[in-house]
Amino acid sequence: MTEDAITDYLIDMLAGGHFQIADDNTFFFHDGDNKFPFATIVTKDSEFDGGSKLDRPGVFRLNFGVGKERFRALFGETPAAIGPAAPDTLMPHPVYARMHWVSVISPSAKTFEKVKPLLAEALALARAREAG
């Protein structure tokens, strides 16, 4: 999957939300408040997150939040260590795992198909939080 294809998918999925690009990273919001994205695509390492090695050509990381129960179902109570630079592998987010965020570096089409229901769940969770 390409970054553009995933961006297009997320934009279609939002239907009423929006996205914002900042410093070549894309933030997807479920509404217009820009408080907290439900998903992001990050394209380069930062001072607080360099372990993913996103500075490699063509590499990006899709990140999104899932609920506590889903996170535990995916990774267990104490997630096993996964190399944060592993491509095409769903893993706990290298920085925001404690907030139940997950990530996948440069997902293949097959992996992205598995991620789609999780993205729908992430969007539903974000909307539910907003509704209170």
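Above this text sits the structure in question.
Described below are features of the structure shown in this document. (Residues numbered from 1 in each chain as written. Predicted model: local features only at pLDDT ≥ 70, side-chain atom pairs only at ≥ 80, totals over all residues. Heavy atoms only, no water.)

This part takes up the side chain of arginine 61. Relative to the assigned elements, arginine 61 resides in strand E4 (residues 61-65). On the basis of relative accessibility, which here comes to 2%, the residue arginine 61 falls in the buried class. At a separation of 2.8 Å, a polar atom in the side chain of arginine 61 contacts the side chain of aspartate 49. (Helix = DSSP H or I, 4+ residues; strand = E, 2+ residues; numbered from the N terminus. Buried < 20%, exposed > 50% of the residue type's maximum accessible area, 1.4 Å probe, protein only. Polar contact = N/O pair within 3.5 Å; in protein donor to acceptor, adjacent residues only side chain to side chain.)

Turning to the pairing of strand E6 (residues 101-105), a few remarks are in order. Within E6, five of the five residues are buried, which leaves it mostly tucked inside the rest of the structure. Burial of the side chains of E6 extends over both faces: Trp101, Ser103 and Ile105 are buried on one face and Val102 and Val104 on the other. Sheet analysis places E4 next to E6, joined by five bridges and oriented antiparallel. Opposite arginine 61, over in E6, you have isoleucine 105 as the bridge partner. Pairing between strand E5 (residues 91-92) and E6: two bridges, direction antiparallel. Looking at the pairing, proline 92 lines up with valine 102 of E6. (Pairing = 2+ DSSP bridges.)

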